[in-house]
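Letter by letter, the chains look like this.
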Amino acid sequence: SGGTGTPLPYNPGVGCPDDVFDNVMPDMRVPKLPWALQESWGCEREPTEADVLVVENEILRAAITPQWGGRVWSLFHKKLGRQLFFNNPAHQPANIGYRKAWTAGGAEWNWSPGHVGHSVFSESPVYTAVLNSTMGPVVRVWEYDRLNGTVWQVDMLFDDDGMMWAHPKVTNPNEAELPGYWWTCVAMPVDYPSAKTRIISPATGSVNYQCAS
């Protein structure tokens, strides 16, 4: 149904460590300056075309959207004949991002110093370049975050073994230490009838909606 929605107070679970929620706002969708809200979108359905950066080899074909935070919108495995990520057929923002607008699907990049929520760049253009390497072309997306004076970047490599490699980096040129966290959000089609997906990542703990660790 969509729509602009009503304010949604953020009530953290009682089982979470207190420091997880330091500096959060009463409504996570209301940002601080210098970023403006992104709320001038509607729910009209109209077929259209979007510019993408395509990187492919014999195994993978990736479509990256620099206009939407450098998101990997599509990652198609040619030999398996299927999408590896959830490939959203529609660009339909919802009011759940740091600046309100956010769209599900693919792989997105989030640098969050001092706030909780999808990045301010989720629905904004970022710089994009293709670099040559001994392993093949590397796609780099990056931007300057004027909220905290840092630069974030992600280098992506799609190799001939059917692997996608992503290397995020945050540069803080300031003398002051800046607490923050990086998180990569990947949408997976785990509810597909034939999908058998298991995600394994080295970690000493995890935090989710119920804050199980």
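Look up a bit, the structure's there.
Bear in mind the structure is a predicted one, so any value in this text is a computation, not a measurement. (Residues numbered from 1 in each chain as written. Predicted model: local features only at pLDDT ≥ 70, side-chain atom pairs only at ≥ 80, totals over all residues. Heavy atoms only, no water.)

Topic: the packing of aromatic side chains
And step 1. Under the counting rule described, the total for this entry stands at four aromatic pairs.
And step 2. Centroid distance Phe121 to Trp152: 5.7 Å. Interplanar angle 55 degrees. Geometry classified as tilted. Within this pair, whereas Phe121 is found in the loop between β7 (107–112) and β8 (127–131), its partner Trp152 is found in strand β10 (residues 150–158), the two being separated by 31 residues in sequence.
And step 3. On the basis of relative accessible area, Phe121 is assigned to the buried category, the value being 4%.
And step 4. Exposure remark for Trp152: the relative accessible area of 1% places this residue in the buried category.
And step 5. Between Trp152 and Trp182, the aromatic rings sit 6.0 Å apart at their centres with planes inclined by 50 degrees, giving tilted as the arrangement. Remark: Trp182 occurs in strand β12 (residues 181–186) and Trp152 occurs in strand β10; sequence separation between them is 30 residues.
And step 6. Each residue in the set Phe121, Trp152 and Trp182 is aromatic and connected to the rest through ring pairs, giving one cluster. (Phe/Tyr/Trp six-rings, centres within 6.5 Å; stacked < 30°, edge-to-face > 60°. Helix = DSSP H or I, 4+ residues; strand = E, 2+ residues; numbered from the N terminus. Buried < 20%, exposed > 50% of the residue type's maximum accessible area, 1.4 Å probe, protein only.)

Regarding the pairing of strand β11 (residues 164–171)
Taken residue by residue, a regular strand's side chains alternate between the two faces of the sheet.
And step 1. Note: β10 against β11, eight bridges, orientation antiparallel. Directly across from Trp152, in β11, lies its bridge partner Val170.
And step 2. What sits between the antiparallel neighbours β10 and β11 is a turn of five residues, in which Gly162 has the positive phi angle 80 degrees. (Pairing = 2+ DSSP bridges.)

What about the environment of Asn87?
And step 1. With respect to the element layout, Asn87 can be found in the loop between β4 (82–83) and β5 (94–97).
And step 2. For Asn87, a relative accessible area of 29% translates into the label partly exposed.
And step 3. Separated by 12 residues in sequence, Asn87 and Leu75 place their C-alpha atoms 7.8 Å apart.
And step 4. Apart from residues lying up to four places away in sequence, Asn87 is in contact with Trp73 and Ser74.
And step 5. Only 3.2 Å separates the side chain of Asn87 from the backbone oxygen of Trp73, close enough to count as a polar contact. (Contact = heavy atoms within 4.5 Å. Polar contact = N/O pair within 3.5 Å; in protein donor to acceptor, adjacent residues only side chain to side chain.)

Here we look at the sheet that holds β8
And step 1. With antiparallel pairing, the four strands of this open sheet are ordered in space as β8-β9-β10-β11. The sheet terminates laterally at β8 and β11, the two strands that pair on one side only. Between one strand axis and the next, the sheet turns through 20 degrees on average, direction left out of account. (Axes fitted to C-alpha atoms, helices over the stretch in contact; angles between N-to-C directions.)

Regarding the side chain of Glu108
And step 1. Tracing the chain through its elements places Glu108 in strand β7.
And step 2. Buried and unpaired, Glu108 has Arg71 as its nearest opposite-charge partner, separated by 4.2 Å.
And step 3. Among the polar contacts made by the side chain of Glu108, one reaches the side chain of Asn110 at a distance of 3.1 Å.
And step 4. Among the polar contacts listed, one links the side chain of Glu108 to the side chain of His118, at a separation of 3.2 Å. (Lys, Arg positive; Asp, Glu negative; His and termini not counted. Salt bridge = Lys/Arg side-chain N within 4 Å of Asp/Glu carboxyl O.)

Here we look at the nonpolar core
And step 1. Judged by nonpolar contacts, the single largest core of 23 residues is most densely connected at Val72, Leu75, Trp109, Val141, Trp152, Met156 and Phe158.
And step 2. The greatest single-element share of this core, amounting to four residues, is contributed by β10.
And step 3. Setting aside its immediate chain neighbours within four residues, Leu75 contacts Leu60, Arg61, Ala62, Arg82, Gln83, Leu84, Phe85, Phe158 and Met164. (Core = buried A, V, L, I, M, F, W, Y, C linked by side-chain atoms within 4.5 Å.)

Let's talk about the pattern of salt bridges
Two side chains of opposite charge can pair, provided their charged atoms sit close to one another.
And step 1. Considering all chains together, one arrives at three salt bridges under this definition.
And step 2. With a closest N to O distance of 3.3 Å, Lys100 and Glu39 form a salt bridge. Residue Lys100 is found in strand β6 (residues 100–102), and its partner Glu39 is found in the segment before β1 (53–56); the two are separated by 61 residues along the sequence.
And step 3. Judged by its relative accessible area of 16%, Lys100 falls in the buried class.
And step 4. Asp155 is paired through a salt bridge with Arg140; the nearest N and O atoms lie 2.7 Å apart. Taken together, the positions of Asp155 in strand β10 and Arg140 in strand β9 (residues 138–145) put the pair 15 residues apart, joining distant regions of the chain.
And step 5. Overall, Asp155 belongs to the buried group, its relative accessible area being 15%.
And step 6. Under the relative-accessibility criterion, Arg140 is labelled partly exposed at 25%.

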